[in-house]
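Residues per chain, in single letters:
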Amino acid sequence: MGFEEKLPSGILLTTVEKVAGYARKSSVWPATFGLACCAIELMSTGGPRHDMARFGMEKTGATPRQADLMVVAGRVSQKMAPVLRQIYDQMPEPKWVISMGVCASSGGMFNNYAIVQGVDHIVPVDIYLPGCPPRPEMLLDAIVKLHDKIQNMKLGVNRQAEIDELEQATLRRLPLAAGVGTGTRQSAADPGEVAASVLGEPGKPQRTEQP
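In this text, all values refer to a predicted model and were calculated from it rather than measured experimentally.

A closer look at the pattern of salt bridges
- Evaluated as defined, the whole model comprises five salt bridges.
- The partner of arginine 135 in a salt bridge is glutamate 137, and the shortest N-O contact between them spans 3.1 Å.
- The exposure class assigned to glutamate 137 is partly exposed, which follows from its relative accessible area of 37%.
- A salt bridge links lysine 145 to aspartate 141; the shortest N-O distance between them is 2.7 Å. Separated by four residues within a single helix, lysine 145 and aspartate 141 lie in helix H5 (residues 136-151), roughly one turn from each other.
- Look at aspartate 141 and you get partly exposed, because its relative accessible area is 39%.

Thoughts on the packing of helix H2 (residues 38-45) against H5
- Relative to each other, H2 and H5 sit at 75°, their axes nearing to 9 Å. Looking at the two axes, H2 sits roughly perpendicular to H5. For the pair H2 and H5, the contacting residues are Glu41, Leu42, Ser44 and Thr45 in the first and Pro136, Leu139 and Leu140 in the second.
- Here the residues of the contact of H2 with H5 sort into four nonpolar, two polar and one charged.

A closer look at the pairing of strand E2 (residues 69-73)
- The buried fraction of E2 amounts to five of the five residues, a majority that puts the element mostly inside the structure.
- Where burial is concerned, the two faces of E2 agree: the one with Leu69, Val71 and Ala73 and the one with Met70 and Val72 are both buried.
- For the crossover that starts at strand E1 (residues 30-34), traverses H2 and ends in the parallel E2, the hand is left-handed.
- Examined bridge by bridge, E2 and strand E3 (residues 96-100) share five bridges and lie parallel to one another. Bridging from a neighbouring strand, leucine 69 pairs with tryptophan 96 of E3.
- Handedness of the crossover joining E2 and E3 through helix H3 (residues 81-90) is recorded here as right-handed.

Digging into the environment of tryptophan 96
- Its location among the elements puts tryptophan 96 in strand E3.
- A residue is classified by how much of its surface remains accessible, and tryptophan 96, at 4% relative accessible area, is buried.
- Through-space distance from the C-alpha of tryptophan 96 to that of alanine 67 is 9.6 Å; in sequence the pair is 29 residues apart.
- Ignoring sequence-local partners within four residues, the contact set of tryptophan 96 consists of Arg24, Asp68, Leu69, Met70, Met91, Asp126, Leu146, Ile150 and Met153.

Each value, and the rule that gives it
- Within any chain, residue numbers begin from 1 and follow the written order of that chain's sequence.
- A pLDDT threshold of at least 70 governs which residues receive local features in this predicted model, and a stricter bar of 80 or more applies before side-chain atom pairs are shown or counted, although totals over entire chains, interfaces and linings include all residues.
- With hydrogens and water excluded, all non-hydrogen atoms of the structure serve as input to the side-chain values.
- Any carboxyl oxygen of Asp or Glu that lies within 4 Å of a side-chain nitrogen of Lys or Arg is treated as forming a salt bridge with it.
- Only protein chains enter the accessibility calculation, which uses a 1.4 Å probe. A residue is then buried if its area is under 20% of the maximum for its type, exposed if over 50%, and partly exposed in between.
- Going along the chain from the N terminus, every DSSP run of H or I of four or more residues is numbered as a helix, and every run of E of two or more is numbered as a strand.
- Axis lines are fitted through C-alpha atoms, for helices just across the contact stretch, and the angle between N-to-C directions can take any value from 0 to 180 degrees.
- Angle categories are assigned with fixed cut-offs, so that under 35 degrees is roughly parallel, over 145 is roughly antiparallel, 65 to 115 is roughly perpendicular, and the rest are oblique.
- Throughout, a residue-residue contact means that at least one pair of heavy atoms, one from each residue, lies within 4.5 Å.
- Under the grouping applied here, Gly and all other residues not named as nonpolar or charged are polar, the nonpolar ones being Ala, Val, Leu, Ile, Met, Phe, Trp, Tyr, Cys and Pro and the charged ones Asp, Glu, Lys and Arg.
- Here is how to tell: hold the view so the strands point away, follow the path from the first strand over the helix to the second, and if it runs clockwise the crossover is right-handed.
- Two strands qualify as a pair provided that DSSP identifies no fewer than 2 bridges between them.

Encoded structure:
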């Protein structure tokens, strides 16, 4: 039984955005950027046991001009940062980035002057993948989440409106509650007063207690 037999009268209604998203997510071509031990797990993901080709990603090339996904696998040194940026700039639009492993995402254990403390200082990141190193199953889960993001991506003016909406939502975020990280603990006696004081409601002082 084929898929077309389940459609009513053989007609399928959709939108251009849905069709474009489905085509894009089903043909993502990664540009490997293995820098450390996370690259071994990335290679294992492309092997027969996990078979990344099941998701339409069998084309894993070394040329950035034929790739739209960069998987940064491993720590990024200060010397490698401009090379990474150059390869990212050579990739055609639209393009996406997965930061694989804690070293690529935040510098990991290498908190020194030689390592970039997060690849998002160099290129925009779409998916952060934790772990040291993350297993192939975790990378496949990150790829599936990226596919969902690509599927629902807007086009044209709708894309710009979506970007503006996300920026405004980020700017509207409330700061951390007073006392977080300063050694002052919130009193759990009346959470309503604490929430009101964080939101700036007049007449509701914040109750705190010293440790």
